[in-house]
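Survey of secondary and tertiary structure
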Amino acid sequence: MTSAYRHIRMPSKGEKITVRNRKLQVPDEPIVGYVEGDGIGPDITKACLRIWDAAVAKAYGGRRRIHWCETYLGEKAARLYDGNYCPDETLKVLQELVVSIKGPLTTPVGGGFRSLNVALRQDLDLYACVRPVRHYAGVPSPIKRPDKVDVVIFRENTEDVYAGIEYKSGTPENAKVARFLKEEMKARFFDGAGIGIKPISEFGSKRLVRKAIQYAIDNGRESVTLVHKGNIMKFTEGAFRNWGYEVARQEFGGVTITEEQLYGEYRGRQPEGKIVIKDRIADIMFQMMLLRPEEFDVIATPNLNGDYLSDAVAAEVGGVGIAPGANIADFVAVFEATHGTAPKYANQNKVNPGSLLFSGVMMLEYMGWKEAADLITLVYPEVVSDGIVTYDFARQIDGATEVSTSAFADALIERIGGGIDLEAKRKAQHEQLVKERKQREIRRLLQPLEEMVDTGRVPHTVADLMTRALITVRDDDSVEQAMHLMTGNGISSIVVEPDGKGEWGILTRRDIVTRIVRGGRNPAVTRVKDIASRPLVSVPAEMSIREAADKISDSNFSRFTVLQGGQVIGIVTETDIFEAVEKFGWAGEAA
């Protein structure tokens, strides 16, 4: 295969990965791009290429093979392309090959240079930063039970404060924006403030959450948690949360339930084949990933939250030095080391290749080559537990044998070649997973309220509190029928279906006492329409609890129907709000 590019040379053998019918088509001998990276990049890339090749050869007995195509970014690109750190032909090849992997890159110092990582994400629209974080036995950790951490973080990659819309204090542009905000929009802030714009769109939010939910489905995960600061930033991060629930309901309604449904309808028992959609306020989530990390599975979050959270959680299992990552569009994917270039260790054959190594494992899984990926993840803890580690782990493990980057690769390759019973280990992992899920379910069944509080669940919209399973009567039903339904279901009011004008109504116990008993009327012959109150006031599902409390205080109504997409989906009462405050306090409104 010849190359039409200036410096990039396509391998003479192999086929390109393609996309057909919105599915990745991976041949047995695919061409995969790689970028060595800067600083320690060449050392770890050379080691990892050998490990990945060994795993593929062992897993498939020579039937499959990767043909590697070197592409150029960073300092090596600058040397080849007359100072250009991000040449157009590299971006074109990464798009053309669909799947690639890169080492760490240096962003040149000086004005006018974008971060190369940010440039890649924006130019290739790699909107999902995916960071799996799990612990491998033997890896030193600062927490007692790092084995409980096993999450996959989907961080939105293109919006939020990372959109780069900023206006420096003292510039004419800043003054213009500040004047508009203060005079036209009546905003209040200190003079001379730097100004940044935080765009979070429905389109960007939904495609990120969609990818996270699909990942959970494809990989047998238990839940997807939307992490946000919507209690303060209601129209950006709060909107992210609401749009996330919309995607789950509208596009994955057959396989997802909300956490409110899990506790309210299913009493804590998760139905087979259902994924629970949760949400957590960002600061609470940081606590929960230390206190109850096993409660979380797949996480979807806006850009800045994801930046903080992915590195913080990685620290719990050994640090970013072994934390993998990828930037993924609908199909094009660039896997990457998540740490920096560590120039003081460049060309010393010394550093831990773990981050890039496991990014390659992610890449193999993305290609559907799970057998090769599993070989690496299963032998890695065996080598580390034997004390064969690079310098960063050696100084934390008593009696460890410190080895070079290449020698660590040799040890892994030797263990891969020695054979491993994949099926037995997979079976053991599955059995452990089932056991842990069962234990969590038992806790939910035995003490649901305590579990809600202990796992950080905080209701902050009316949709979180509402009674979802509406019990209704019709206008022409008798009041006696309505009374039987109210008594049988232990409720104090019942919703009346729309009349000819399309207006919903409500019938309460108080209505029956004042209009039937006190009025001396016969409930068996009195129709619901004769005493029901109309119209019943409706509120949007995303209305905050505090706003609902204000509405109840300012009106004569003690309950509202909840609307979503023009449809009534539930009912919320002042009792629901009272009980929420009693159980959770006002954490939903805290800073």
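Residues numbered from 1 in each chain as written. Predicted model: local features only at pLDDT ≥ 70, side-chain atom pairs only at ≥ 80, totals over all residues. Heavy atoms only, no water.

**Brief notes about a nonpolar patch on the surface**
The grouping of Ile442, Leu445 and Leu446 at the surface amounts to a nonpolar patch, some 290 Å² of accessible area in total. Note on placement: leucine 445 falls in helix α15 (residues 422-446). On the basis of relative accessibility, which here comes to 32%, the residue leucine 445 falls in the partly exposed class. (Patch = residues over 30% accessible without salt bridge, like charges linked within 9 Å, V, L, I, M, F, W, Y side chains within 5 Å. Areas by Shrake-Rupley, 256 points an atom, 1.4 Å probe, with all protein chains shown as cover. Salt bridge = Lys/Arg side-chain N within 4 Å of Asp/Glu carboxyl O. Helix = DSSP H or I, 4+ residues; strand = E, 2+ residues; numbered from the N terminus. Buried < 20%, exposed > 50% of the residue type's maximum accessible area, 1.4 Å probe, protein only.)

**What about the packing of helix α12 (residues 370-385) against helix α14 (residues 405-417)?**
Following both chains from N to C, one finds α12 and α14 inclined at 120°, their axes separated by 9 Å at the closest point. Overall, the two elements α12 and α14 adopt an arrangement that is oblique. Classified by chirality, the crossing of α14 by α12 is right-handed. Facing α12, whose interface residues are Leu375, Ile376, Val379, Tyr380, Glu382, Val383 and Val384, α14 presents Phe408, Ala411, Leu412, Arg415 and Ile416. Among the residues forming the contact of α12 with α14, the class breakdown is 10 nonpolar, no polar and 2 charged. (Axes fitted to C-alpha atoms, helices over the stretch in contact; angles between N-to-C directions. Parallel < 35°, antiparallel > 145°, perpendicular 65-115°, else oblique. Left-handed = near helix turned anticlockwise from the far one by under 90°. Contact = heavy atoms within 4.5 Å. Nonpolar A, V, L, I, M, F, W, Y, C, P; charged D, E, K, R; others polar.)

**Some remarks on the side chain of histidine 339**
Inspection of the secondary structure puts histidine 339 in the loop between β16 (333-337) and α11 (354-366). Not counting the four nearest positions on each side in its chain, histidine 339 is found in contact with Ile40, Ile44, Pro104, Val320, Gly321 and Ser355.

**Regarding the state of the cysteines**
Put plainly, a disulfide is one covalent bond tying together the sulfur atoms of two cysteines. Counted according to the given criterion, the structure contains 0 disulfides. Cysteine 69 takes part in no disulfide bond, and the closest cysteine sulfur to it belongs to cysteine 86, at a distance of 16 Å. A relative accessible area of 0% places cysteine 69 in the buried class. (Disulfide = S-S within 2.5 Å.)

**Some details on the nonpolar core**
Core analysis: the largest hydrophobic core is formed by 82 residues, its most contacted members being Trp52, Trp68, Ile376 and Tyr380. The contacts of tryptophan 68, once residues within four sequence positions are left out, are Pro11, Val32, Tyr34, Leu49, Trp52, Asp53, Ile101 and Met363. Grouped together as the second largest cluster of nonpolar side chains are 17 residues, Val149, Ala282, Ile299 and Val458 included. (Core = buried A, V, L, I, M, F, W, Y, C linked by side-chain atoms within 4.5 Å.)

**Describing the packing of helix α1 (residues 41-60) against α12**
Closest axis-to-axis distance for the α1/α12 pair is 8 Å, and the angle between their directions is 120°. Taken as axis vectors, α1 and α12 run oblique relative to one another. Between α1 and α12 lies a crossing of right-handed hand. Where α1 approaches α12, its residues Ile51, Trp52, Ala55, Val56, Lys58, Ala59 and Tyr60 are matched on the opposing element by Lys370, Glu371, Ala372, Leu375 and Ile376. Residues belonging to the contact of α1 with α12 are distributed by class as follows: 9 nonpolar, no polar and 3 charged.

**Structural notes on the sheet that holds strand β22 (residues 538-540)**
Read across the open sheet, the 3 strands follow the order β22-β23-β24; overall the sheet is mixed. With partners counted over all chains shown, the strands left at the sheet margins are β22 and β24 (567-573), one partner each. Strand-to-strand, the axes of this sheet are offset by a mean angle of 40°, without reference to chain direction. Relative to strand β23 (residues 559-564), β22 is paired through 3 bridges, and the arrangement is parallel. Among the inter-strand pairings, proline 540 is bridged to a residue of β23, identified as leucine 563. (Pairing = 2+ DSSP bridges.)

**Some words on the packing of aromatic side chains**
Under the criterion given, the structure shown has 11 aromatic pairs. Here phenylalanine 335 and tyrosine 366 contribute two aromatic rings whose centre-to-centre distance is 5.7 Å and whose plane-to-plane angle is 65°, an arrangement assigned as edge-to-face. On the criterion of sequence distance, the pair formed by phenylalanine 335 in strand β16 and tyrosine 366 in helix α11 is long-range, its members being 31 residues apart. Taking relative accessible area as the criterion, phenylalanine 335 reaches 1% and is therefore assigned buried. Here tyrosine 366 falls in the partly exposed class, since its relative accessible area comes to 25%. Seen in terms of ring centroids, tyrosine 345 and tyrosine 391 are 5.3 Å apart; in terms of plane orientation they differ by 45°. Their pairing is tilted. Taken together, the positions of tyrosine 345 in the loop between β16 and α11 and tyrosine 391 in helix α13 (residues 391-394) put the pair 46 residues apart, joining distant regions of the chain. Just as tyrosine 345 is buried, tyrosine 391 falls in that class too. (Phe/Tyr/Trp six-rings, centres within 6.5 Å; stacked < 30°, edge-to-face > 60°.)

**Overview of the side chain of threonine 526**
Within the secondary structure, threonine 526 is located in the loop between α19 (509-517) and α20 (528-531). A distance of 2.7 Å separates the side chain of threonine 526 from the backbone oxygen of asparagine 522, its partner in a polar contact. (Polar contact = N/O pair within 3.5 Å; in protein donor to acceptor, adjacent residues only side chain to side chain.)

**So, the pattern of salt bridges**
Here the structure, examined in full by the defined rule, presents 45 salt bridges. Note that arginine 145 and aspartate 147 form a salt bridge whose closest N and O atoms lie 2.8 Å from each other. Within this structure, Asp150, Arg221, Glu222, Asp297, Arg437 and Arg440 form a network of salt bridges that share partners.

**Let's talk about α1**
Helix length check: α1 (20 residues) gives 28 Å between terminal C-alpha atoms against 28 Å at 1.5 Å per residue, within 8%. Within α1, 14 of the 20 residues are buried, which leaves the element mostly enclosed by the surrounding structure. Positioned one or two residues after α1, glycine 61 has a phi angle of 55°, which is positive. (Expected span 1.5 Å × (residues − 1).)

**Remarks on the sheet that holds strand β19 (residues 472-473)**
The 3 strands lie next to each other as β19-β20-β21, forming an open sheet whose pairing is mixed. Each end of this open sheet is capped by a strand with a single partner; those strands are β19 and β21 (505-508). Here 4 bridges tie strand β20 (residues 493-496) to β21, and the two strands are oriented antiparallel to one another. Bridging across to β21, valine 495 finds its partner in isoleucine 506. Against the sheet, helix α18 (residues 479-489) touches β19, β20 and β21, its axis set at about 130° to β20.

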